[in-house]
Amino acid sequence: MTTGKNILVVGGAGFIGSHTTLALSEAGYNVTVYDNFSTGHRDACFDLDVVEGDLSDQPKLTAVLKDKDIACVVHFAALIEAGQSVIDPYAFYENNVAATLALLQAMRAADVGHLVFSSTAAVYGNQDVDMLSEDLPKQPVNPYGHSKLMVETVLQTAVDAYGLTSVALRYFNASGADAKGRTGERHDPETHLIPLLIQAALGQRDHFKIFGTDYDTPDGSCIRDYIHVSDLAAGHVAAVGYVLRRTQPSFEGMNLGTGTGHSVREVVDTVKRVSERDFRVDECPRRAGDPAKLVADSTRAQQALGWHAQHSDLDTIVRDAWHFFRTRNR
Ligand SMILES: NC(=O)c1ccc[n+]([C@@H]2O[C@H](COP(=O)([O-])OP(=O)(O)OC[C@H]3O[C@@H](n4cnc5c(N)ncnc54)[C@H](O)[C@@H]3O)[C@@H](O)[C@H]2O)c1
C-alpha cells in the first residue's frame, strides 16, 4: 500500500501541478504544496496544506521534508517557455537545474529517496521518426530542453551514488482542464495553442496565427500529440505508486502522450466547432526550430505504470478547456 503516504508537490500551484494535487488527494495521498507562486495561483491549491518557498531554498526544503514526513516528491517547478529560454538561458539553468539540485540535496539530507520529475518531449529535439520512443538519442534544440535533460542526467547518476529512485515523465502537449472546472491553464503570457485559440474565440485576441502551412504533413500544418492534463495527473499518481513500490534504486524516463497526432488546422477547426465561434486565422511562415511532427510512443508508461490516456480525444480536451476559460471569463 502506498496511498496514505505524504507527498510534497513542488510547483503544485501551476497548471499540471494543480490537476495532479487533486488526483493525488483523490487517490488517498496526503499532499503538501510547495511553491513560490511566480507563475502559480493560490486558488489552485484548493484547501491543501501549502508552504510558500523557493525551490532554491535548501534549508527550508529540508525542514519541510522532515517536518511533514514526506515519502515522495513530485517536482513540477520550472520556467517553461522554450522561446524565452533562448533569450535568457541563464535564468533557465538557474531555476530548472541549479535550484533542482537544492531540492535533491534537501531530499538527501532528509532521507527522502523517491522522486517523480516533470520532463518534456523537448529532450528529443528534432527527429525524423513517426513516433518518439524513449531510447532515441536526446538532442534538445533549446536551453529549456537542455535544462530538463541535465536534470535527467543528474537523476541517473544519483541512482548508484545516493540510492535515489526516480521517474522522469516526458510530457507531450499538455492541454485541457479539469472536467469539473476546478482548475485549468492560466499561463501569462499564454503561448500554448489551445488557450490561444480559445482567447481568439472569446474575442480576447483579434486573430490566430498558424506558423507554417507547407510542412510535409497531410494539411501542411504541424502535428502534435495533445494529452489531457487530467491524464497527465493520473500518470503522476501511477508514477508515485511505482517509485514507492520499487525495491531497488532506479531511474527511468517515460513518455506520456496518446500516440495520435493532430494538425494545427485540425485543432483550429475543433475549437471553432466546440465554441461555436468563428475568428480570423492568418497563415504565417514557419518558426525556426518547429519540427513537423511530434507524437509519443507511450508503451513504456503503459507497461510499467499500467497507465493509458483516457480523456485525451481532441473534442474532450477542447471542450474541457473551453468550459474552464468561458466560466473564468463570465
Ligand atoms: N505545459 C506543458 O505543456 C508542459 C509540457 C512538458 C513539460 N512541462 C513541464 O511541466 C512542469 C509544469 O508545467 P506547467 O505548465 O504546470 O507550468 P506552470 O508555470 O503552470 O507551473 C509551474 C509551477 O512551479 C512554480 N515554480 C516555478 N519556479 C519555482 C521556484 N523556483 N520555486 C518554487 N516554485 C516554483 C510556479 O509558481 C508554478 O506554480 C514544468 O516543469 C514544465 O517544464 C510542461
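None of the values given here were measured: they were computed from a predicted structure. (Residues numbered from 1 in each chain as written. Predicted model: local features only at pLDDT ≥ 70, side-chain atom pairs only at ≥ 80, totals over all residues. Heavy atoms only, no water.)

Asks: Just checking my understanding: could you explain the site of the ligand for this structure?
Replies: Lining the immediate environment of the ligand, one finds 29 residues, of which D35, T39, N95, Y144 and K148 sit closest. Backbone polar atom of I16 to an oxygen atom of the ligand: 2.8 Å apart, as the coordinates give it. Backbone polar atom of G40 to an oxygen atom of the ligand: 3.0 Å apart, as the coordinates give it. Look at the ligand: alone it shows 830 Å² of surface, and the protein chains cover 97% of it. Broken down by secondary-structure element, the contributors of at least two residues to the shell around the ligand are α1 (15-26), β5 (114-120) and α5 (143-162). Counting residues per element, the shell around the ligand draws most heavily on β5, which supplies 3 residues. Its residues assigned to classes, the shell around the ligand comprises 13 nonpolar, 13 polar and 3 charged. (Near = heavy atom within 4 Å. Polar contact = N/O pair within 3.5 Å; in protein donor to acceptor, adjacent residues only side chain to side chain. Areas by Shrake-Rupley, 256 points an atom, 1.4 Å probe, with all protein chains shown as cover. Helix = DSSP H or I, 4+ residues; strand = E, 2+ residues; numbered from the N terminus. Nonpolar A, V, L, I, M, F, W, Y, C, P; charged D, E, K, R; others polar.)

Asks: Teacher, can you tell me more about the environment of T32 here?
Replies: Following the sequence through the fold, T32 ends up in strand β2 (residues 30-35). Relative accessible area serves as the criterion here: at 6%, T32 is assigned to the buried category. Here the alpha-carbon distance between T32 and V97, two residues 65 residues apart in the chain, equals 22 Å. Apart from the residues lying within four places of it in its own chain, the contact partners of T32 are I7, L8, V9, D49, V51 and K68. (Buried < 20%, exposed > 50% of the residue type's maximum accessible area, 1.4 Å probe, protein only. Contact = heavy atoms within 4.5 Å.)

Asks: Got a minute to help me understand the side chain of N142 in this structure?
Replies: With respect to the helices, strands and loops of the structure, N142 is situated in the loop between β5 and α5. Among the polar contacts listed, one links the side chain of N142 to the backbone nitrogen of G145, at a separation of 2.8 Å. If near-sequence neighbours (up to four positions away) are discounted, N142 is found in contact with A82, S85 and V86.

Asks: So what exactly am I meant to see when it comes to the packing of helix α2 (residues 58-67) against helix α4 (residues 89-109) here?
Replies: Between two packed helices, what matters for the description is the angle formed by their axes and the separation of those axes. One way to put it is that α2 packs onto α4 with a least axis distance of 8 Å and a crossing angle of 40°. One element, α2, and the other, α4, form an angle in the oblique class. By crossing handedness, the relation of α2 to α4 is classed as right-handed. Along the contact surface, α2 presents Q58, L61, T62, L65 and K66, while α4 presents A102, L103, Q105, A106, M107 and A109. Among the residues forming the contact of α2 with α4, the class breakdown is 7 nonpolar, 3 polar and 1 charged. (Axes fitted to C-alpha atoms, helices over the stretch in contact; angles between N-to-C directions. Parallel < 35°, antiparallel > 145°, perpendicular 65-115°, else oblique. Left-handed = near helix turned anticlockwise from the far one by under 90°.)

Asks: Even after reading the chapter, I still don't get the nonpolar core, so can you show me in this structure?
Replies: A general trend in soluble globular proteins is that nonpolar side chains are found buried together. In this structure, L24, L169 and V240 are the most contacted members of the largest nonpolar core, which totals 37 residues. Listing elements by their share of this core, those giving two or more residues are β1 (6-10), α1, β2, β4 (72-75), β6 (165-171), α7 (229-245), β11 (251-256) and α9 (299-305). At 9 residues, α7 tops the list of elements feeding residues into this core. Residue contacts for V240: discarding those within four places in its chain leaves I7, L24, Y29, C72, V74 and V116. Within the second largest apolar cluster, 28 residues are counted, among which are L8, L65, V73 and V159. (Core = buried A, V, L, I, M, F, W, Y, C linked by side-chain atoms within 4.5 Å.)

Asks: Help me understand the packing of helix α6 (residues 193-201) against helix α10 (residues 314-328) in this model?
Replies: Packing of α6 against α10 brings their axes to within 10 Å, and their N-to-C directions diverge by 55°. For the element pair α6 / α10, the angle class is oblique. Here α6 runs over α10; the crossing is right-handed. Across the interface between the two elements, I194, P195, I198, Q199 and A201 from α6 touch I317, V318, A321, W322 and F325 from α10. Partitioning the contact of α6 with α10 into residue classes produces 9 nonpolar, 1 polar and no charged.

Asks: What's the story with the sheet that holds β6 in this structure? I'm lost.
Replies: Backbone hydrogen bonds hold the strands of a sheet together, and the pairing may be parallel or antiparallel. Taken together, the 7 strands give an open sheet; going across it, the order is β3-β2-β1-β4-β5-β6-β11, and neighbouring strands pair in parallel fashion. Each edge of the sheet is formed by a strand with only one pairing partner; in this case those strands are β3 (49-52) and β11. Looking at each pair of strands side by side, their axes are set apart by 20° on average, direction ignored. Where β2 and β3 come together, 4 bridges link them in parallel fashion. For Y34, the partnering residue across the bridge sits in β3 and is V51. Here α5 sits on the sheet in contact with β5, β6 and β11, set at roughly 155° to β5. (Pairing = 2+ DSSP bridges.)

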